[in-house]
Amino acid sequence: MAETTLTHIGQTEPRPAGWQGIAADWSSDQRAFKNVSWGKAMMWIFLLSDTFIFGCFLLSYMTARMSTRVPWPNPSEVFALHIGGSNVPLILIAIMTFVLISSSGTMAMAVNFGYRRDRRKTAILMLLTALLGATFVGMQAFEWTKLITEGVRPWGNPWGAAQFGSTFFMITGFHGTHVTIGVIFLIIVARKVWRGDYDTGRPGFFTSRKGHYESVEIMGLYWHFVDLVWVFIFAFFYLW
Amino acid sequence: MAEATANGLGQHHLNAGHAQDAATAGVAPAEVHQEHPIKLYLVVWAWLFVLSACSYMVDYFGLQGYLRWSLILIFMMLKAGLIVAVFMHMAWERLALTYAIILPPILVLVFVAMMVLEADYTLLTRVTFFGGGP
C-alpha cells in the first residue's frame, strides 16, 4: 500500500521547464528504490563504492603476488603463534575472525531489538558489538607489533617477496581503520538509543533532523560490511 | 517470490521505522513478524561459525593445490552470501536495489581477468630479463 502511494507521487508532479526542471528531476520525488528509505539506499551505495576500493586493494595484491619472481612468504607460518610448545598456524587470525563474526551476530540482534523498541537491549547489544570490534582492533595491533618486531616492513621482510609487507599493511590497515570508525559510530548510535532519541524525536547534533530506529539498521549495514570485507581478506590474504 | 517476502519483512522494517505510516497504511503491528527472525539470525550466526571453522581447518590440515583453493572459495562465498542475504536483509529488499548493489561488483571479475593477463606478462618479462624465477 505504501508502495502505490509513493509511485503515485512521482507520476503526478508537474515538472518546471529548463534548468529548474533538471534540478527538480535530480533533487526530489525521483525514487528508483520505492520502499527503501533514502538513508538506507545511500548507505548501500557508499558500501558499493567501498567494495570497489577493497576490490582494488585485493586486485593489486593479486597482481603483485602473481608477477613476482621471489617466492611469497607462507602466511600459515608467518601468522603462526607459539602456544604450548608448538606452532599453531594462523591461530590469531582465526580468533580474530570469530570475534568479528560474533560482533556481526550481536549487531543483527541489536537491529532486531531496535525495531521492537527495546531500547535497553538494543543499546547493550550495540555496545557489546563495539567492544568486540575494539577487541578485534586490539588483536590487529598485537599482530602488527609482532610482525614489525620480526622485521616486516612495507619495503621488505626476512622471508621472501618484498611486496608482502606493503600489501599486508595496506589491506589490513585500511580494514582496521574501517573497524575503528565503526566502533566510534556504534557508540554514538548506542548512546542515542539509550537516551531515547528515536522515541522522542530529538534532533541529531549534525543534521538537526529527527532520527528513527532505522538508523540502527543502517549502522548495522556498515558493520556487516566490515565483517564481509574480512571474509574476503581472510580467504585471499591469509588462507591462499 | 522475493516480492511476496518483501511485503512480509522488508516493508515491515520500513514501516516499523515510521510508526505513524504503519498506522495509516493499516499494516500489521510490529510484533507479528519479529519473533521468527531472531531464531533465523541465531541459525545464520551458527552457520558462519561452522563455515569459518571449516576454512580454518583447510589451513590447519595443510590441504594444497586445487582442493585448497576451491574449498577456500566455496566457504568464502557461502559466508559472504549468508552475511549479505540475512544479516544485511538483502534477501527481503526490492529487486531494484538488490541488482543495483550486487551486479556491479561482479564486473570486478573483468578487472581480475585483465590483471591476471598483465601479471603473467610482467612475470614473463622479469624472467626473460632478470632470469631465474619460480
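Residues numbered from 1 in each chain as written. Chains lettered and ligands numbered in written order. Predicted model: local features only at pLDDT ≥ 70, side-chain atom pairs only at ≥ 80, totals over all residues.

### Details of the overall build of chain A
Part 1 of the argument: Across its full length, chain A carries 9 helices and 2 strands.
Part 2 of the argument: Along chain A, helices (α) and strands (β) appear in the sequence α-α-α-α-β-β-α-α-α-α-α when read from the amino end.
Part 3 of the argument: For 240 residues, the compact-globule formula gives about 18 Å, and the C-alpha radius of gyration of chain A, at 23 Å, lies well above that figure.
Part 4 of the argument: Each principal axis of the C-alpha distribution contributes one length, and for chain A these read about 70 × 45 × 30 Å.
Part 5 of the argument: Summarising the internal contacts of chain A: among those between residues at least 6 apart in sequence, 68% fall at separations of at least 24. (Helix = DSSP H or I, 4+ residues; strand = E, 2+ residues; numbered from the N terminus. Rg over C-alpha atoms; globule rule 2.2 N^0.38 Å. Contact = placed C-beta atoms within 7 Å.)

### Comments concerning the overall build of chain B
Part 1 of the argument: Along its length, chain B carries 6 helices and 0 strands.
Part 2 of the argument: The order of α-helices and β-strands along chain B, N terminus first, is α-α-α-α-α-α.
Part 3 of the argument: Of all 134 residues assigned to chain B, the portion counted as buried reaches 22%.
Part 4 of the argument: Here the analysis covers contacts within chain B between residues at least 6 apart in sequence; of these, 53% occur between residues at least 24 apart. (Buried ≥ 20, exposed ≤ 12 C-beta atoms within 10 Å, placed from the backbone.)

### Topic: the environment of B:G65
Part 1 of the argument: Mapped onto the elements, B:G65 comes out in helix α4 (residues 65-87).
Part 2 of the argument: As a C-alpha pair, B:G65 and B:L103 span 38 residues in sequence and 30 Å in three-dimensional space.

### Notes on the packing of helix α5 (residues 91-115) of chain A against helix α6 (residues 119-149) of chain A
Residues and elements named next belong to chain A.
Part 1 of the argument: Between α5 and α6, the least distance of the axes is 8 Å, while the angle of their chain directions is 165 degrees. Our classification of the angle between α5 and α6 gives roughly antiparallel. The hand of the α5/α6 crossing is left-handed.
Part 2 of the argument: A per-class count over the contact of α5 with α6 returns 15 nonpolar, 9 polar and 2 charged. (Axes fitted to C-alpha atoms, helices over the stretch in contact; angles between N-to-C directions. Parallel < 35°, antiparallel > 145°, perpendicular 65-115°, else oblique. Left-handed = near helix turned anticlockwise from the far one by under 90°. Nonpolar A, V, L, I, M, F, W, Y, C, P; charged D, E, K, R; others polar.)

### Some words on the domain arrangement of chain A
Part 1 of the argument: Domains assigned within chain A are domain 1 (1-35) and domain 2 (37-239).
Part 2 of the argument: Domain 1 of chain A and domain 2 of chain A are separated by 37 Å when their C-alpha centres are compared. (Domains from an automatic or database assignment.)

### Re the interface of chain B and chain A
Part 1 of the argument: In this assembly, 55 residues from chain B lie in contact with 47 residues from chain A.
Part 2 of the argument: If you list the elements that add at least two residues to the side of chain B that touches chain A, you get α1 (2-17), α2 (19-25), α3 (31-60), α4, α5 (95-106) and α6 (108-130) of chain B.
Part 3 of the argument: In terms of residue class, the side of chain B that touches chain A is made up of 35 nonpolar, 12 polar and 8 charged.

### Some details on helix α3 (residues 38-67) of chain A
Part 1 of the argument: Taking 1.5 Å of rise per residue, the 30 residues of α3(A) would be expected to cover 44 Å, and the 43 Å separating its terminal C-alpha atoms lies within 8% of that figure.
Part 2 of the argument: All of the buried residues in α3(A) are A:K40, A:W44, A:F57, A:L58, A:Y61 and A:T63.
Part 3 of the argument: Residues of α3(A) that are buried make contact with α7 (163-195) and α9 (214-239) of chain A together with α5 and α6 of chain B. (Expected span 1.5 Å × (residues − 1).)

### A few points about unusual backbone geometry
Part 1 of the argument: Not every positive phi belongs to a glycine, and A:R117 is a case in point at roughly 65 degrees.
Part 2 of the argument: Position of A:R117 relative to the elements: it lies in the loop between α5 and α6.
Part 3 of the argument: With 16 C-beta atoms counted inside 10 Å, the residue A:R117 sits in the partly exposed group.
Part 4 of the argument: Phi at B:H89 is positive, roughly 65 degrees, even though this residue is not glycine.
Part 5 of the argument: By the secondary structure assignment, B:H89 is in the loop between α4 and α5.
Part 6 of the argument: Residue B:H89 is classed as buried on the basis of its C-beta count, with 20 C-beta atoms lying within 10 Å.

### Notes on α7(A)
Since the α-helix turns once every 3.6 residues, residues separated by three or four places project in the same direction.
Part 1 of the argument: A rise of 1.5 Å per residue sets the reference length of α7(A), with its 33 residues, at 48 Å; its end C-alpha atoms lie 48 Å apart and thus fit the reference within 8%.
Part 2 of the argument: Just downstream of α7(A), A:G196 is the residue with a positive phi angle, here 85 degrees.

### Points about the nonpolar core
Part 1 of the argument: A:A110, A:M126, A:L186 and A:F234 are the most contacted members of the largest nonpolar core, which has 69 residues in total.
Part 2 of the argument: Contributing elements (two or more residues each) for this core: α3, α5, α6, α7 and α9 of chain A together with α3, α4 and α5 of chain B.
Part 3 of the argument: It is α9(A) that provides the largest number of residues to this core, a total of 18 residues.
Part 4 of the argument: What A:M126 contacts, discounting residues up to four positions off in sequence, is A:A110, A:L186, A:V189, A:A190 and A:V193. (Core = buried A, V, L, I, M, F, W, Y, C linked by C-beta atoms within 7 Å.)

### Notes on the packing of α3(A) against α5(B)
Part 1 of the argument: The N-to-C vectors of α3(A) and α5(B) enclose an angle of 5 degrees; their axes lie 10 Å apart at closest approach. Relative to α5(B), the element α3(A) lies roughly parallel. Across the interface between the two elements, A:A41, A:W44, A:L48, A:T51 and A:G55 of α3(A) pack against B:L97, B:I101, B:P104 and B:P105 of α5(B).
Part 2 of the argument: For the contact of α3(A) with α5(B), the class distribution of residues is 7 nonpolar, 2 polar and no charged.

### Side note on the confidence of the model for chain B
Residues and elements named next belong to chain B.
Part 1 of the argument: Mean pLDDT over chain B works out to 76, with 70% of the residues at or above the 70 mark.
Part 2 of the argument: When the criterion is pLDDT under 50, residues 1-35 qualifies, and its contacts beyond four places in sequence or with other chains add up to 45 contacts.
Part 3 of the argument: This prediction of the complex comes with two scores: 0.81 for pTM and 0.82 for ipTM. (pLDDT = per-residue confidence, 0-100.)

### Description of the environment of A:P203
Part 1 of the argument: With respect to the element layout, A:P203 can be found in the loop between α8 (197-200) and α9.
Part 2 of the argument: Not counting the four nearest positions on each side in its chain, A:P203 is found in contact with A:S208, A:R209 and A:K210.

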